[in-house]
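What follows is each chain in one-letter form.
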Amino acid sequence: MKTSNPVLARLGQAAERERSAGYAPAGPYGQPGIPQQYPSQAGYPAAPPTVAPMTIDDVVVKTVALLGILGISAAAAWVLVPDALVGAAWIGAAVVGLVLGLIISFSRMANPALVITYAVVEGVFVGMVSKAFETAYSGIVLQAAAASFGIFFLMAMLYKAKVIRATPVFVKGMIAVMTGLFAVMLINLVLALFGVNTGLRDGSPLAIGFSLVCIVVASLSFVLSFKEIEDGVRMGLPQRYSWTAAFGILVSLVWLYIEILRLLSYFQGDD
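The rules behind each value
- Residues numbered from 1 in each chain as written.
- Predicted model: local features only at pLDDT ≥ 70, side-chain atom pairs only at ≥ 80, totals over all residues.
- Heavy atoms only, no water.
- Helix = DSSP H or I, 4+ residues; strand = E, 2+ residues; numbered from the N terminus.
- Buried < 20%, exposed > 50% of the residue type's maximum accessible area, 1.4 Å probe, protein only.
- Contact = heavy atoms within 4.5 Å.
- Areas by Shrake-Rupley, 256 points an atom, 1.4 Å probe, with all protein chains shown as cover.
- Phe/Tyr/Trp six-rings, centres within 6.5 Å; stacked < 30°, edge-to-face > 60°.
- Core = buried A, V, L, I, M, F, W, Y, C linked by side-chain atoms within 4.5 Å.
- Salt bridge = Lys/Arg side-chain N within 4 Å of Asp/Glu carboxyl O.
- Patch = residues over 30% accessible without salt bridge, like charges linked within 9 Å, V, L, I, M, F, W, Y side chains within 5 Å.
- Axes fitted to C-alpha atoms, helices over the stretch in contact; angles between N-to-C directions.
- Parallel < 35°, antiparallel > 145°, perpendicular 65-115°, else oblique.
- Left-handed = near helix turned anticlockwise from the far one by under 90°.
- Nonpolar A, V, L, I, M, F, W, Y, C, P; charged D, E, K, R; others polar.

(A) Representation of the overall build of the protein chain in the model. Each helix and strand counted, the protein chain has 8 helices and 0 strands in total. For the protein chain, the α and β elements follow one another from N to C terminus as α-α-α-α-α-α-α-α. When the 271 residues of the protein chain are sorted by exposure, 40% land in the buried category. Relative to all contacts within the protein chain whose residues are 6 or more apart in sequence, the contacts with residues 24 or more apart total 83%. Accessible area for the protein chain stands at about 14,800 Å²; split by element, carbon and sulfur atoms hold 70% of it.

Right, dumping it as structure tokens:
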């Protein structure tokens, strides 16, 4: 099964190497398989055992697990980090999360431990951001969380009903737009550190428009994740790659939540 997604193509190649290396399928309790040598019979080389492929259920379970880890980490950070250190913890977690995210995204191998670590770090980031916004605007966190999950389930239903399809043109366009948005956000952040206000994050009409664009793109990014999961299942990627698929959904959810949180704050006033 071929795919136009370069990350999935690399994962598919890695999965093929694992199958060719003769990894045993996972045991009855989910323990990973180990390389084994199988004797040939009747003079013919024995076929290597297959690795248990991932399923949609695997991705769902891993996604729920990551969300649970993120939620626990966020709650712990909210309670344990002093108010004076919220800003430092926010920035530190954002930087570490960005580095981990890039490593996971460009890695050729699925690494569950790294994905779980990312969820913990992002939990600290989300917790600190949420605490800062909730302190300024009471009730905003619950509103943003409800809107984020509502959009996620809506996009899942639209994708399942084939109202939105991840065509090659759609995928290429989304990748281009997302790359451009992240570049703009990174440049804006650097300029902000030097005291330059670009108007993208100050509550102005431009800032509201930019947040709306980010929310739309973040929502559509779920379509890319659903397509990647669908292709991954068809390609027979090993079960542990479900962690990588769940990571993609988590990234989009966090991005969507932060953008909704920011947009809502623009309409809260200065009470």
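So, next bit.
(B) Highlighting the packing of aromatic side chains. Under the counting rule described, the total for this entry stands at 7 aromatic pairs. Relative to F222, the ring of F152 has its centre 5.1 Å away and its plane inclined at 70°; by these criteria the two rings are edge-to-face. One end of the pair, F152, is in helix α5 (residues 140-160); the other, F222, is in helix α7 (residues 205-235), and 70 residues separate them in sequence. Classification of F222 as buried rests on a relative accessible area of 0%. Judged by centre distance (5.5 Å) and plane angle (50°), the ring pair of Y159 and F226 falls under tilted.

(C) Focus on the nonpolar core. Counting residues in hydrophobic clusters, the biggest one holds 61 residues, and the most contacted among them are F222, W255 and L261. Mapped onto this core, the elements with two or more residues apiece are α2 (56-80), α3 (86-106), α4 (112-136), α5, α6 (168-193), α7 and α8 (242-266). If you tally residues by element for this core, the top one is α8, at 16 residues. What F222 contacts, discounting residues up to four positions off in sequence, is F152, M155, I249, S252, L253 and L256.

(D) The pattern of salt bridges, seen in detail. In the structure shown here, the tally under the stated rule is 4 salt bridges. When the shortest N-O distance is used, the salt bridge between R201 and E259 registers 2.9 Å. Of this pair, R201 sits in the loop between α6 and α7 while E259 is found in helix α8, placing the two residues 58 residues apart along the sequence. Judged by its relative accessible area of 24%, R201 falls in the partly exposed class.

(E) The arrangement of a nonpolar patch on the surface in detail. There is a patch of nonpolar side chains on the surface, built from L186, I187, L189, V190, L191, L193, F194 and V196 and spanning about 810 Å² of accessible area. Relative to the assigned elements, L186 resides in helix α6.

(F) Representation of the environment of S219 within the structure. Mapped onto the secondary structure, S219 falls in helix α7. With 65 residues separating them in the primary sequence, S219 and L154 have C-alpha atoms 9.4 Å apart. If near-sequence neighbours (up to four positions away) are discounted, S219 is found in contact with I151, M155 and L256.

(G) Representation of the side chain of E259 within the structure. Assessed through its relative accessible area of 2%, E259 is described here as buried. Setting aside anything within four residues of it in sequence, one finds E259 in contact with M185, R201, S211, C214 and I215.

(H) Structural view of the side chain of K131. Position of K131 relative to the elements: it lies in helix α4. When sequence neighbours within four positions are dropped, the list of residues in contact with K131 reads W78, V81, D83 and V86.

(I) Expanded view of the packing of α3 against α4. Remark: α3 packs on α4, axes separated minimally by 8 Å, with the N-to-C direction vectors making an angle of 150°. When the interaxial angle is binned, α3 and α4 end up roughly antiparallel. Regarding α3 and α4, the two cross each other, and that crossing is left-handed. Looking at the contact of α3 with α4 residue by residue, the classes come out as 19 nonpolar, 3 polar and 2 charged.

(J) Up close: the packing of α5 against α7. Their axes nearest at 10 Å, the elements α5 and α7 cross at an angle of 50°. The angle between α5 and α7 places the two elements in the oblique class. Read as a crossing pair, α5 and α7 show a hand that is right-handed. Contacts between α5 and α7 involve I151, F152, M155, A156 and Y159 from the first element and I215, S219, L220, F222, V223, F226, K227 and E230 from the second. The residue inventory of the contact of α5 with α7, partitioned by class, reads 10 nonpolar, 1 polar and 2 charged.

None of the figures reported here should be taken as evidence of function without further support.
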